[in-house]
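Structural overview
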Amino acid sequence: MDSPGASELPLAGLRVLELAAVLAGPQVGQFLAELGAEVLKIEPPAGDVTRTWKTPAEPADTDVSAYFACANWGKQSVVLDLRRPAGRDRVHQLAARADIVLASYKPGDAEKLQVDYATLSAWNPRLIYGQISGYGPEVPRAGYDAVVQAEAGFMHLNGEPGQPPLKMPVALMDLLAAHQLKEGLLTALYRRERTGRGALVQVSLWEAGLASLANQASTYLVTGHDPQPLGSGHPSIVPYGTVYQGADEVRLILAVGSDRQFLDLCAALERPQWAEDERFRTNGARVRHRAALEALLAGRIAEISGAELLARLAAAAVPAGAVRSVGQALSQASAAAMLLPATAEFPHPGLRTVAFRSPQWPVAAALAAPPGLGAHSASLDGADQLSGENSIPPR
């Protein structure tokens, strides 16, 4: 990748004040930073709580945990105590010069700290304020990803039949809410270009989760039948998603979405007669006879090399893939473009949040490392203009 100047990135000059913590809001902040925005992360004296969320493999004395690093590249960190008038006054001054504020307070807390939209927009009518909550601005209940995964139906669907429900291994509701907030903020920016006015954009984990139930929600709304867990299988396509294991212990999945693909799968398995079996000739029939077909597939795949089968299926354009670990996935050559280079301050690669590309603008070749707690407080206290990359200068 080239190393473009900050001015070439599409959001260069956009000033972002991040009052959000944990994952959803900070993910949006890093996304904006990757596109060229200047992001100032305001932290309480104790710091973003994710600084303390460490695996046993991490150093105990670091304040940049792996969890914190997943959403805080390209930012500056300033410690301000918003419980004190001086801290609130400083945030008001910064908000007066910002384009976007990201906040994730429990409903009512932003008002108590005087960093809510009404207060900050009085200082800056062009301000776009992104507010994340658990269940909406009128519900005082705090939002936690695992709880919303359970309440929105995801854990129920993610289990194996007859087994306990399972939580997704990433904070999926946070990430879905982050995507919704990005879309809302970009909509508000477009509107501001036409009207000159700022906006309040509100997103909840609950509604983001419901919006993402997609075909599972539609199945219930159309048929009245509550979708049931199928493990990794698909409710209306077979074979699709089930994990099989070859004789060489290679695990793989199939994603056969058409009858033609199923015919080619049977040929690759040297079982062409299955494609002529009335139970399996069409996708509808395969869905009705799911258990019988999956038993046949599991038995046959266990007899042959999974790696060789994947090569045959690729040659025949039958959708299939190996089940990889996270490390194996990130080690693929095709994953290299999604990694941020390590820095002297943080000698580990990072993961980009921007996964789209355009020939009309460059890609940030590197970002400043996830900052230590308050690493830029002195810059803020000592001058009107923050020094260095990704700063918020006064207008």
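Nothing here was measured: the structure is a model prediction, and the numbers come from that model. (Residues numbered from 1 in each chain as written. Predicted model: local features only at pLDDT ≥ 70, side-chain atom pairs only at ≥ 80, totals over all residues. Heavy atoms only, no water.)

Attention now goes to the layout of surface pockets. Considering only enclosed or pocket space, the second largest pocket measures out at about 710 Å³ in volume. Taken together, 23 residues make up the lining of the second largest pocket; nearest its centre are Leu 157, Asn 158, Gln 216, Gly 231 and Gly 233. For the lining of the second largest pocket, the secondary structure elements donating two or more residues are helix 7 (154-158) and helix 10 (214-223). Of the residues assigned to the lining of the second largest pocket, the class counts are 12 nonpolar, nine polar and two charged. (1 Å grid on protein atoms, 1.4 Å probe; cavity = no way out; pocket = protein on both sides within 12 Å on 5 of 7 lines; lining within 4 Å. Points joined across faces, edges and corners; volume = space filled by probe spheres on them. Helix = DSSP H or I, 4+ residues; strand = E, 2+ residues; numbered from the N terminus. Nonpolar A, V, L, I, M, F, W, Y, C, P; charged D, E, K, R; others polar.)

Attention now moves to empty space enclosed by the protein. The rolling of a water-molecule-sized probe over the atoms marks out the regions of remaining empty space. By the definition in use, this model includes one cavity of 30 Å³ or more. Each pocket or cavity is described by its volume, and for the largest cavity that value is around 90 Å³. As for the largest cavity, its lining consists of Leu 9, Glu 34, Leu 35, Arg 352, Val 354, Phe 356, Arg 357, Trp 361, Pro 362, Val 363 and Ala 364. Residue composition of the lining of the largest cavity, by class: eight nonpolar, no polar and three charged.

The next subject is the sheet that holds strand 2 (residues 38-43). Taken in spatial order, the six strands line up as 3-2-1-4-5-6 in an open sheet, and their pairing is parallel. At either end of the open sheet lies a strand with only one pairing partner, and these are strand 3 (75-79) and strand 6 (199-204). For this sheet, the mean inter-axis angle between neighbouring strands, taken without regard to orientation, is 20°. Pairing of strand 5 (residues 128-133) with strand 6, which is carried by six bridges, proceeds in the parallel orientation. Considered in strand 6, the bridge of Ile 132 is made with Val 203. (Pairing = 2+ DSSP bridges. Axes fitted to C-alpha atoms, helices over the stretch in contact; angles between N-to-C directions.)

The omega torsion of the bond from Val 238 to Pro 239 falls at -5°, within 30 degrees of zero and hence cis. Inspection of the secondary structure puts Pro 239 in the loop between helix 10 and strand 7 (240-245). Its identity is not glycine, yet Ala 214 carries a phi of approximately 50°, on the positive side. With respect to the helices and strands, the residue Ala 214 is situated in helix 10.

Right, let's talk about the sheet that holds strand 7 for a bit. Taken together, three strands build an open sheet; the order of strands is 7-8-9 and the sheet is antiparallel. Either end of the sheet is taken by a strand with one partner, and the two such strands are strand 7 and strand 9 (320-322). Neighbouring strand axes in the sheet, compared pairwise and without regard to direction, differ in orientation by 25° on average. Note: strand 7 against strand 8 (residues 251-255), four bridges, orientation antiparallel. When the sheet's bridge partners are listed, Tyr 244 is paired in strand 8 with Leu 252. Relative to strand 7, helix 13 (residues 290-301) is tilted by about 35°, and along the sheet it contacts strand 7 and strand 8. (Contact = heavy atoms within 4.5 Å.)

Core analysis: the biggest nonpolar cluster contains 37 residues, and Val 16, Leu 32, Ile 100, Leu 102, Leu 181 and Leu 185 have the highest contact counts within it. Looking at this core, the elements with two or more residues in it are helix 1 (24-34), strand 4 (100-103), strand 5, helix 7, helix 8 (172-195), strand 6 and helix 9 (205-211). In terms of residue count, the dominant contributor to this core is helix 8 (nine residues). Discounting chain neighbours no more than four positions away, the residues touching Leu 32 are Leu 11, Val 16, Ala 37 and Ile 100. (Core = buried A, V, L, I, M, F, W, Y, C linked by side-chain atoms within 4.5 Å. Buried < 20%, exposed > 50% of the residue type's maximum accessible area, 1.4 Å probe, protein only.)

Two numbers describe how helix 1 lies on helix 8: the axes approach to 8 Å, and their chain directions differ by 50°. In terms of axis orientation, helix 1 runs oblique to helix 8. In this structure, helix 1 crosses over helix 8, and the sense of that crossing is right-handed. Residues Ala 24, Gln 27, Val 28 and Phe 31 of helix 1 touch helix 8, and the partners they reach there are Asp 174, Leu 175, Ala 178, Leu 181, Lys 182 and Leu 185. Counted by class, the contact of helix 1 with helix 8 contains seven nonpolar, one polar and two charged residues. (Parallel < 35°, antiparallel > 145°, perpendicular 65-115°, else oblique. Left-handed = near helix turned anticlockwise from the far one by under 90°.)

What follows deals with the pattern of salt bridges. Under the criterion given, the structure shown has 19 salt bridges. With its nearest N and O atoms 3.1 Å apart, the salt bridge here joins Asp 48 to Lys 41. Of the residues examined, Lys 41 reaches a relative accessible area of 0% and is grouped as buried. In this structure, Lys 112 engages Asp 109 in a salt bridge whose closest nitrogen and oxygen atoms are separated by 4.0 Å. Linking Lys 112 with Asp 109, this pair stays in helix 4 (residues 109-113), spanning three residues, or about one helical turn. Of the residues examined, Asp 109 reaches a relative accessible area of 26% and is grouped as partly exposed. Among the ionic contacts, a cluster of salt bridges with common partners joins Glu 18, Lys 41, Asp 48 and Lys 75. (Salt bridge = Lys/Arg side-chain N within 4 Å of Asp/Glu carboxyl O.)

Residues Arg 15 and Leu 17 line one face of strand 1 (residues 15-18) and the alternating positions Val 16 and Glu 18 line the opposite face, and both faces are buried. Two elements, strand 1 and strand 2, share four bridges in a ladder whose sense is parallel. Looking across to strand 2, one finds that Glu 18 is bridged to Lys 41. Read as a crossover between parallel neighbours, the route from strand 1 over helix 1 to strand 2 is right-handed. Taken together, the three bridges between strand 1 and strand 4 define a ladder with parallel strand orientation. From the neighbouring strand, Val 16 faces strand 4, where its bridge partner is Ile 100. (Right-handed = clockwise from strand over helix to strand, strands pointing away.)

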